[in-house]
Amino acid sequence: MLDIAGKWVLLTGASRGVGRQVAGALADAGCNLILQSRNREHTAEQAELFRARGLTVHALAAELSDQSRVVELGQEALRISGGIDILFNNAAIQMPWHENMFTTDSDEFLASYQVNSIAPITLCNLMLPGMIERRFGRIVNVTSGVKDMPQLMAYAASKAALDKYVYDMAPHLGGTGVTMNLLDPGWLRTDLGGNEAPNPVESVLPGAMVPVLLEDGVSGKWFSAQDYRRD
Ligand SMILES: NC(=O)c1ccc[n+]([C@@H]2O[C@H](COP(=O)([O-])OP(=O)(O)OC[C@H]3O[C@@H](n4cnc5c(N)ncnc54)[C@H](OP(=O)(O)O)[C@@H]3O)[C@@H](O)[C@H]2O)c1
């Protein structure tokens, strides 16, 4: 398995849920961390704990519904790190359930596409050239297994757009030392997943780290975190 100690990571949505679990795993692996949420306060305590363990940690705030902030986040991460080695696009939003499945409005699609598709794709496009130049990079784009639920169509369609980006970009990454894959965390008890979800948030590990730690050049693959559960 890959040794990622000292690698620079940009992790979005680091403050809660899946992102918080992944931040802990990346810290355990000895990475330098750039943790994004909407407010630096949200990751402050976590960052302090990691720093106390000798890690380099930066907490950045960015509202991903604002495309100019997405670009600034990417540029700030590049300036701090000198080059991002691992991009973990985890942050996302989900619109409320539509009991009437024909009523998703255009604003919900636009908001979902901005945060769930355009923001992660923008960060990928900012990081990929440097990764390819340095012949190393790992990108994980967090998707969803949501299926046959038109009541959540804005969310589902925005994740499908992200999937399409990964699938069509993947063949161009062969032999570059850079991999880009999709991670489906499974239905988890988080703020987004809700209390009815069957799986505890901790069950996203160790699976969430699999596409980060792969040594070979697998790209364009769908990883399901629940496939790697230890219990
Ligand atoms: N939970 C599930 O059952 C499930 C299932 C399938 C896929 N997923 C995917 O897993 C990923 C993580 O989900 P989760 O359940 O951990 O979500 P969550 O608990 O709601 O956490 C969302 C994270 O994203 C950040 N975020 C939310 N809206 C943002 C915005 N507009 N701009 C910037 N940052 C924003 C939040 O930061 P703040 O602290 O600033 O709010 C927080 O760190 C998502 O991509 C989701 O689609 C989750």
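The text that follows walks through the structure, step by step, so that each part is easy to find. (Residues numbered from 1 in each chain as written. Predicted model: local features only at pLDDT ≥ 70, side-chain atom pairs only at ≥ 80, totals over all residues. Heavy atoms only, no water.)

## Here's the deal with helix α2 (residues 41-52)
Logical step 1: Here α2 is twelve residues long and its end C-alpha atoms lie 17 Å apart, about the 16 Å a rise of 1.5 Å per residue gives.
Logical step 2: All buried positions along α2 are accounted for by T43, Q46, A47 and F50. Along the long axis of α2, the arc covered by the buried residues comes to 105°, so they all point the same way. Exposed positions of α2 whose direction lies more than 90 degrees from the buried face are E41, E45, L49 and A52.
Logical step 3: In this structure, the buried side of α2 is in contact with α1 (17-28), β2 (32-37) and β3 (57-61). (Helix = DSSP H or I, 4+ residues; strand = E, 2+ residues; numbered from the N terminus. Expected span 1.5 Å × (residues − 1). Buried < 20%, exposed > 50% of the residue type's maximum accessible area, 1.4 Å probe, protein only. Arc of directions from axis to C-beta. Contact = heavy atoms within 4.5 Å.)

## A look at the site of the ligand
Logical step 1: Neighbouring residues of the ligand: 30 residues in total, closest S15, R16, R38, Y155 and T190.
Logical step 2: Measuring from an oxygen atom of the ligand, one finds a backbone N or O atom of G186 at 3.4 Å.
Logical step 3: When isolated, the ligand has an accessible area of 900 Å², and the protein chains bury 96% of it.
Logical step 4: Counting residues per element, the ones that place at least two in the shell around the ligand are α1, β2 and α5 (153-169).
Logical step 5: Of the residues assigned to the shell around the ligand, the class counts are 13 nonpolar, twelve polar and five charged. (Near = heavy atom within 4 Å. Polar contact = N/O pair within 3.5 Å; in protein donor to acceptor, adjacent residues only side chain to side chain. Areas by Shrake-Rupley, 256 points an atom, 1.4 Å probe, with all protein chains shown as cover. Nonpolar A, V, L, I, M, F, W, Y, C, P; charged D, E, K, R; others polar.)

## Some words on the pattern of salt bridges
Logical step 1: Evaluation of the coordinates by the stated rule reveals five salt bridges.
Logical step 2: Between R16 and D191 there is a salt bridge whose closest N-O contact spans 2.7 Å. With a gap of 175 residues between them, R16 in the loop between β1 (8-11) and α1 and D191 in the loop between β6 (178-184) and α6 (210-213) connect regions that are remote in the sequence.
Logical step 3: When its relative accessible area of 44% is taken as the criterion, R16 is described as partly exposed. (Salt bridge = Lys/Arg side-chain N within 4 Å of Asp/Glu carboxyl O.)

## Notes on the sheet that holds β6
The pairing of strands in a sheet happens through backbone hydrogen bonds and is either parallel or antiparallel.
Logical step 1: The seven strands are arranged β3-β2-β1-β4-β5-β6-β7 in an open sheet whose pairing can be described as parallel. Single-partner strands in this sheet number two, and they are β3 and β7 (222-224). Neighbouring strand axes in the sheet, compared pairwise and without regard to direction, differ in orientation by 20° on average.
Logical step 2: When β1 meets β2, the two strands line up parallel, connected through four bridges. (Pairing = 2+ DSSP bridges. Axes fitted to C-alpha atoms, helices over the stretch in contact; angles between N-to-C directions.)

## Observations concerning the nonpolar core
Logical step 1: Counting residues in each nonpolar core, the largest one holds 33 residues, and the members touching the most others are I4, L11, L26, L33 and F88.
Logical step 2: Broken down by element, the residue count for this core peaks at six residues, all from α1.
Logical step 3: In this structure I4 touches L26, A29, G30, C31, I86, M209, V212 and L213, once residues within four positions along its chain are discounted.
Logical step 4: The next biggest cluster of nonpolar side chains, apart from the first, holds 28 residues, and it includes L60, L64, V115 and A119. (Core = buried A, V, L, I, M, F, W, Y, C linked by side-chain atoms within 4.5 Å.)

## Description of the pairing of β1
Logical step 1: Residue alternation in β1 divides its side chains into two sets, W8 and L10 and V9 and L11, and both sets are buried.
Logical step 2: Handedness of the crossover joining β1 and β2 through α1: right-handed.
Logical step 3: Pairing geometry for β1 and strand β4 (residues 86-89), over three bridges, is parallel. The partner of V9 across the bridge, within β4, is I86. (Right-handed = clockwise from strand over helix to strand, strands pointing away.)

## What to know about α5
Logical step 1: Here α5 is 17 residues long and its end C-alpha atoms lie 24 Å apart, about the 24 Å a rise of 1.5 Å per residue gives.
Logical step 2: Within α5 the residues assigned to the buried category are A154, Y155, A156, A157, S158, K159, L162, D163, Y165 and V166.
Logical step 3: On the buried face of α5, the contacting elements are α4 (106-134), β5 (137-142), β6 and β7.

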